[in-house]
Amino acid sequence: MTVVSVVLALLAALANAAASVLQRRAAATERIASSGRRFSWLTHLLHRPVWMWGTAMLVFSGIFQAGALAAGPLAVVQPVMATELLFTLVVGSVFFHRRPDTRAWWAFLSMVTGLGVFLVLIDPSAGTTRVPVGRWVVVGAVLLALVLLLILLAARLPSSPRATVLGTATAFGFSSTAALMKDAVARLSDGLVALLTAWQTYGVAVIGLASFLLLQMTLRAGTLVASQPALTLGDSMMSLVLGAVLFEEKLRLGVLVFPELGALALVGLGSFQLARTPEVSGDHEGQIW
């Protein structure tokens with residue numbers, strides 16, 4: 001089932017990357033077409049097939065992620081979702097007719113190697129599929145306090161550090177959304193009504209929307225280079241914690257924690273370098289995505 005989970009998580013990451021590239025292209029084209037009419041391009045995006053295909057990719061991404069979380073541990077799915085950056089590089093290169101340079105491929109190799117080694121070393125096992133409400137109350141309160149503290153701290157910082165801190169807060173929101181989604185999908189075994197009436201299902205919508213809005217704040221606070229490593233590593237690390245605390249997933253730590261941290265450092269380095277490529281950042285369009 002872990003293999004199925006990884007495959008579905010990769011498909012979710014691919015769909016996310018395709019959505020990012022398609023919607024970015026639609027928005028950039030509409031800005032050019034509506035030059036001189038401030039913000040008028042926003043009203044036209046719904047009529048653009050490219051933007052609608054990007055939206056459809058987001059729907060597919062959610063379906064694939066839900067399937068991945070139902071099939072495997074949270075500690076596997078969310079780190080694998082970090083491959084979205086790799087797929088963005090590939091899809092962006094094809095869509096914008098740009099060949100990645102040598103540094104981009106080294107970043108690609110660094111991220112793939114680090115992620116693969118990390119997952120093999122930490123070897124997360126499947127735990128429970130449902131979380132008691134009392135456990136959610138405690139963990140939710142701690143997470144809310146952490147995110148609020150990070151937002152307050154970010155308000156006092158200059159651009160790049162602010163983007164990094166907000167990126168960390170956003171990552172915590174994404175990992176929380178994934179944890180809620182995993183708990184919600186488990187209710188499907190009791191029937192569709194059980195899923196639709198579970199508070200976790202609506203928690204996914206609320207926390208997911210809040211995380212999306214926080215992501216917009218993050219991207220406006222500074223460059224993608226400043227925020228992406230925090231987004232990638234923050235999501236992966238918090239997902240490991242939530243998987244262990246909420247779902248009782250077992251992780252191999254001990255003396256292996258040092259090579260595991262080294263593997264994560266490779267992922268972070270690759271994330272930083274990939275965020276600098278035009279295919280990911282959108283620099284060649286005159287914008288920082």
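Refer to the structure above for everything that follows.
No experiment lies behind these values; they were computed from the predicted model shown.

> I'm lost on the layout of surface pockets in this one. Help?
In this approach the atoms are scanned with a rolling probe the size of a water molecule, which exposes any empty space left behind. Taken as a whole, the second largest pocket spans an internal volume of roughly 450 Å³. Taken together, 20 residues line the second largest pocket, and the ones lying closest to its centre are Gly140, Leu143, Leu144, Ser176 and Ile207. At the level of secondary structure, the elements contributing two or more residues to the lining of the second largest pocket comprise helix H6 (133–154), helix H7 (159–186) and helix H9 (199–221). Broken down by element, the lining of the second largest pocket gets its largest block of residues, eight residues, from H9. Class assignment for the residues of the lining of the second largest pocket results in 15 nonpolar, five polar and no charged.

> What's the story with the nonpolar core in this structure? I'm lost.
Across soluble globular proteins, nonpolar side chains have a tendency to be buried as a group. The biggest cluster of nonpolar side chains holds 52 residues, and the ones touching the most others in it are Leu74, Met111, Phe118, Ala179, Leu242, Leu246 and Leu274. In terms of residues, this core owes the most to one element, H7, which gives nine residues.

> Please explain the side chain of Glu260 as it appears in this structure.
Counting through the fold element by element, Glu260 comes out in helix H11 (residues 257–275). Lacking a salt bridge, the buried Glu260 has Arg252 as its closest oppositely charged neighbour, with an N-O distance of 5.9 Å. Once residues within four sequence positions are removed from consideration, Glu260 is found in contact with Phe118, Leu121, Ile122, Arg252 and Leu253.

> How should I be thinking about the pattern of salt bridges in this particular structure?
Side chains carrying opposite charge are able to pair once their charged atoms draw close together. Under the defined criterion, the tally for this structure stands at three salt bridges. Salt-bridge contacts for Asp190 lead to Arg130; the nearest nitrogen and oxygen are separated by 2.8 Å. With Asp190 in the loop between H7 and helix H8 (192–197) and Arg130 in the loop between helix H5 (102–122) and H6, this residue pair connects regions lying 60 residues apart in the sequence. For Asp190, a relative accessible area of 51% gives the class exposed. Accessibility expressed as a relative area gives 31% for Arg130, which makes it partly exposed. A salt bridge links Glu248 to Arg135; the nearest nitrogen and oxygen atoms lie 3.2 Å apart. In this pair, Glu248 is assigned in the loop between helix H10 (224–247) and H11 and Arg135 in helix H6, connecting sequence segments 113 residues apart.

> Would you take a moment to explain a nonpolar patch on the surface for this structure?
Together, Val3, Val7, Leu11 and Leu14 make up an exposed nonpolar region whose accessible area comes to about 320 Å². The topology assignment puts Val7 in helix H1 (residues 2–33).

> Mind showing me how you'd approach the environment of Leu233 here?
Residue placement: Leu233 occurs in helix H10. If sequence neighbours within four positions are ignored, Leu233 has contacts with Leu264, Val267 and Gly268.

> Would you mind showing me how to read the packing of aromatic side chains here?
Inspection of the entire model under this criterion finds two aromatic pairs. The interplanar angle of 85° and the centroid separation of 6.0 Å between the aromatic rings of Trp136 and Trp199 together place this pair among those described as edge-to-face. With Trp136 in helix H6 and Trp199 in helix H9, this pair connects stretches of sequence that are 63 residues apart. Since its relative accessible area comes to 8%, Trp136 is described here as buried. Lying across the ring of Phe247, Lys182 places its NZ or CZ 5.6 Å from the centre.

> How do you make sense of H9 when you look at a structure like this?
Residue pairs spaced three or four apart in an α-helix point in one direction, given the helix's 3.6 residues per turn. The end-to-end C-alpha separation of H9 is 32 Å, in line with the 33 Å expected for 23 residues at 1.5 Å each. Buried within H9 are the following residues: Gln200, Gly203, Val204, Gly208, Ser211, Leu214, Leu215, Thr218, Leu219 and Ala221.

> I would appreciate a short explanation of the environment of Pro161 in the present structure.
On the secondary structure map, Pro161 appears in helix H7. Using a relative accessible area of 34% as the deciding quantity, one classes Pro161 as partly exposed. For the pair Pro161 and Ala221, spaced 60 residues apart in sequence, the C-alpha separation works out to 8.9 Å.

What counts, and where the lines are drawn
Residues numbered from 1 in each chain as written. Predicted model: local features only at pLDDT ≥ 70, side-chain atom pairs only at ≥ 80, totals over all residues. Heavy atoms only, no water. 1 Å grid on protein atoms, 1.4 Å probe; cavity = no way out; pocket = protein on both sides within 12 Å on 5 of 7 lines; lining within 4 Å. Points joined across faces, edges and corners; volume = space filled by probe spheres on them. Helix = DSSP H or I, 4+ residues; strand = E, 2+ residues; numbered from the N terminus. Nonpolar A, V, L, I, M, F, W, Y, C, P; charged D, E, K, R; others polar. Core = buried A, V, L, I, M, F, W, Y, C linked by side-chain atoms within 4.5 Å. Buried < 20%, exposed > 50% of the residue type's maximum accessible area, 1.4 Å probe, protein only. Lys, Arg positive; Asp, Glu negative; His and termini not counted. Salt bridge = Lys/Arg side-chain N within 4 Å of Asp/Glu carboxyl O. Contact = heavy atoms within 4.5 Å. Patch = residues over 30% accessible without salt bridge, like charges linked within 9 Å, V, L, I, M, F, W, Y side chains within 5 Å. Areas by Shrake-Rupley, 256 points an atom, 1.4 Å probe, with all protein chains shown as cover. Phe/Tyr/Trp six-rings, centres within 6.5 Å; stacked < 30°, edge-to-face > 60°. Lys NZ or Arg CZ within 6 Å of the ring centre and 35° of its normal. Expected span 1.5 Å × (residues − 1).

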